[in-house]
Amino acid sequence: MARTALVTGGSRGIGAAISQALKAQGCTVAATYAGNDEAAAKFTEETGIKTYKWNVGSYEESAAGIAKVEEDLGPIDIVVANAGITRDAPFHKMTPQQWQEVIDTNLTGVFNTVHPIWPGMRERKFGRVIVISSINGQKGQFAQVNYAATKAGDLGIVKSLAQEGARAGITANAICPGYIATEMVMAVPEKVRESIIGQIPAGRLGEPEEIARCVAFLASDDSGFINGSTISANGAQFFV
Ligand code: CAA
């Protein structure tokens, strides 16, 4: 059955690979972005996937944006809360602003993205909620008190939503990517990045498509009994 999917942060990095994997699976996809108009326009041109601009940290913008997507493409069956940012700093240097920006996007952003879509999923008795957490939400990370807190919080959201949605045919699952070859990871100083790769038994960074394939699986109609779970895709860097 053709499904409609929303992917936040869906025009770059892991999100772009997710949007394309869901399209390849037959979904009609809307991808959101926060600021980079040029990258979004290029993405739409290359893939034919529609892009929408809003800040996931704002409930009002999210609700209005989601209403527009549903008007354009129909009710959203699959939501992938992928948008995320880093503001890395050792804790003694981390500012309240660095804390708040990451909380707003990575944690409150998941609430703002799923909450307006949830009532429709309950009514239609079908939904797939997939949240992109992180290995660093599982194990913590030097200079990421803010980021690790949000990514661990995302796992709590998923486990709670799974219990609330199960009877209504809605599943909620998380994926914890390890270090993936995206702009976010490439922004880590080279020496630090090399030392991190040294801690990955696979001996390499992951590819965005390797995360996208996990999402496509969880988003399918067939995965209805997988609910509240966390898939770790990290090249054996960390086990829960
Ligand atoms: N473990 C242990 N020590 C570390 C470290 C680590 N992972 N990273 C940095 N340090 C050390 C540095 O070597 C340095 O030590 P010295 O003082 O002895 O030289 C000290 O900690 C940092 O000192 P600075 O005061 O110079 O730090 P800074 O204010 O310049 O900040 C930093 C530098 C922001 C921490 C930078 O090192 C950095 O970006 N580190 C990487 C953090 C990281 O892994 N982020 C993950 C991003 S990818 C992602 O988040 C995606 C995902 O989901 C996996």
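These numbers come from a predicted model, not from an experiment.

Asks: Can you explain the pairing of strand S5 (residues 127-132)? Please cite residues and give values.
Replies: Of all 6 residues in S5, 6 are buried, a share of seventy percent or more. Side chains Gly-127, Val-129 and Val-131 of S5 all project onto a buried face; the interleaved residues Arg-128, Ile-130 and Ile-132 project onto the opposite face, where all are buried too. Of the strand pairs in this sheet, strand S4 (residues 78-81) and S5 are connected by 4 bridges, and their pairing is parallel. Within S5, the residue paired with Val-80 across the bridge is Ile-130. Pairing of S5 with strand S6 (residues 170-177), which is carried by 6 bridges, proceeds in the parallel orientation. When the bridges of S6 are listed, Gly-127 appears paired with Ile-170.

Asks: Residue-level account of the sheet that holds S5, with values.
Replies: If you walk across this open sheet you meet the 7 strands as S3-S2-S1-S4-S5-S6-S7, and the pairing is parallel. Edge positions in the sheet fall to strand S3 (50-53) and strand S7 (230-233), since each of these pairs with one other strand and no more. Direction aside, neighbouring strands of the sheet carry axes that sit 20° apart on average. Taken together, the 4 bridges between strand S2 (residues 28-33) and S3 define a ladder with parallel strand orientation. Looking across to S3, one finds that Ala-30 is bridged to Lys-50. The sheet strands contacting helix H3 (residues 59-73) are strand S1 (4-7), S2 and S3, and the helix crosses S3 at an angle near 155°. Seen against the sheet, helix H4 (residues 96-114) touches S1, S4 and S5 and runs at an angle of roughly 165° to S4.

Asks: Go over the site of the ligand, please, and point to the residues and values.
Replies: Taken together, 20 residues lie around the ligand, and Asp-88, Lys-93, Ser-134, Gln-144 and Tyr-147 are the ones closest in. With respect to the ligand, the side chain of Gln-144 contributes an N or O atom lying 2.9 Å from an oxygen atom. When the ligand is considered free in solution it has 1000 Å² of accessible area, and contact with the protein chains removes 58% of it. Of all the secondary-structure elements, those providing two or more residues to the shell around the ligand are helix H6 (135-139), helix H8 (183-186) and helix H9 (190-197). The class makeup of the residues in the shell around the ligand is 12 nonpolar, 6 polar and 2 charged.

Asks: Break down helix H10 (residues 208-219) for me, citing the residues and quoting the values.
Replies: When the terminal C-alpha atoms of H10 are compared, their 17 Å separation across 12 residues agrees well with the 16 Å that a helix rising 1.5 Å per residue should span. For H10, every residue scored as buried is listed here: Pro-208, Ile-211, Ala-212, Cys-214, Val-215, Ala-216, Leu-218 and Ala-219.

Asks: Describe the packing of aromatic side chains, naming the residues involved and giving the relevant values.
Replies: Throughout the structure, instances matching the rule amount to 1 aromatic pair. Both rings, one in Tyr-59 and one in Phe-111, keep their centres 6.1 Å apart while their planes meet at 40°; by these two values the pair is tilted. Linking Tyr-59 in helix H3 with Phe-111 in helix H4, this pair joins segments that are 52 residues apart in sequence. Taking the relative accessible area as the measure of exposure, Tyr-59 reaches 29% and is therefore partly exposed. Residue Phe-111 is classed as partly exposed on the basis of its relative accessible area of 45%. Here the guanidinium or amino end of Arg-3 rests over the ring plane of Phe-126, the centre of that ring lying 3.6 Å away.

Asks: Requested: an account of unusual backbone geometry, with residues and values cited.
Replies: Even without being a glycine, Lys-125 presents a positive backbone phi close to 60°. Of the residues examined, Lys-125 reaches a relative accessible area of 53% and is grouped as exposed. If you check the backbone angles, Ala-143 has positive phi at about 75° while not being a glycine. Tracing the sequence through the fold places Ala-143 in the loop between H6 and helix H7 (145-165).

Here is what the cut-offs are and how they apply
- All chains use their own residue numbering, which begins from 1 and follows the written sequence.
- Only residues with pLDDT of at least 70 get local features here, since the model is predicted, and only at 80 or more are side-chain atom pairs given and counted; chain-wide, interface and lining totals rely on the full set of residues.
- Computation of side-chain values: all heavy atoms of the structure, hydrogens and water removed.
- Three exposure classes are used, based on accessible area relative to the maximum for each residue type with a 1.4 Å probe and protein chains only: buried under 20%, partly exposed in between, and exposed over 50%.
- Put simply, DSSP H or I for four residues or longer makes a helix, DSSP E for two residues or longer makes a strand, and each gets a number counted from the N terminus.
- Only strands joined by at least two bridges in the DSSP assignment are considered to pair.
- Axis angles are defined between N-to-C directions and span 0 to 180 degrees, where every axis is a line fitted to C-alpha atoms and, for a helix, only to the segment in contact.
- Residues count as neighbours in contact if any of their non-hydrogen atoms are within 4.5 Å of one another.
- Residue proximity to a molecule or strand is established when one non-hydrogen atom of the residue lies within 4 Å of it.
- Polar contacts here mean pairs of N or O atoms no more than 3.5 Å apart (in protein, one a potential hydrogen donor and the other a potential acceptor; neighbouring residues in sequence count only if both atoms are side-chain atoms).
- Here, Shrake-Rupley sampling with a 1.4 Å probe gives the accessible areas, and only protein chains in the shown set may cover a residue.
- Three classes are used: nonpolar for Ala, Val, Leu, Ile, Met, Phe, Trp, Tyr, Cys and Pro, charged for Asp, Glu, Lys and Arg, and polar for all others, with Gly counted as polar.
- Expected span of a helix: the number of residues minus one, times 1.5 Å.
- The criterion for an aromatic pair is that two Phe, Tyr or Trp rings (for Trp, the six-membered ring) have centres within 6.5 Å, with stacked assigned to planes under 30 degrees apart, edge-to-face to planes over 60 apart and tilted to the rest.
- Think of it as a cone above the ring: NZ of Lys or CZ of Arg counts as a charge over the ring if it is within 6 Å of the ring centre and within 35 degrees of the ring normal.

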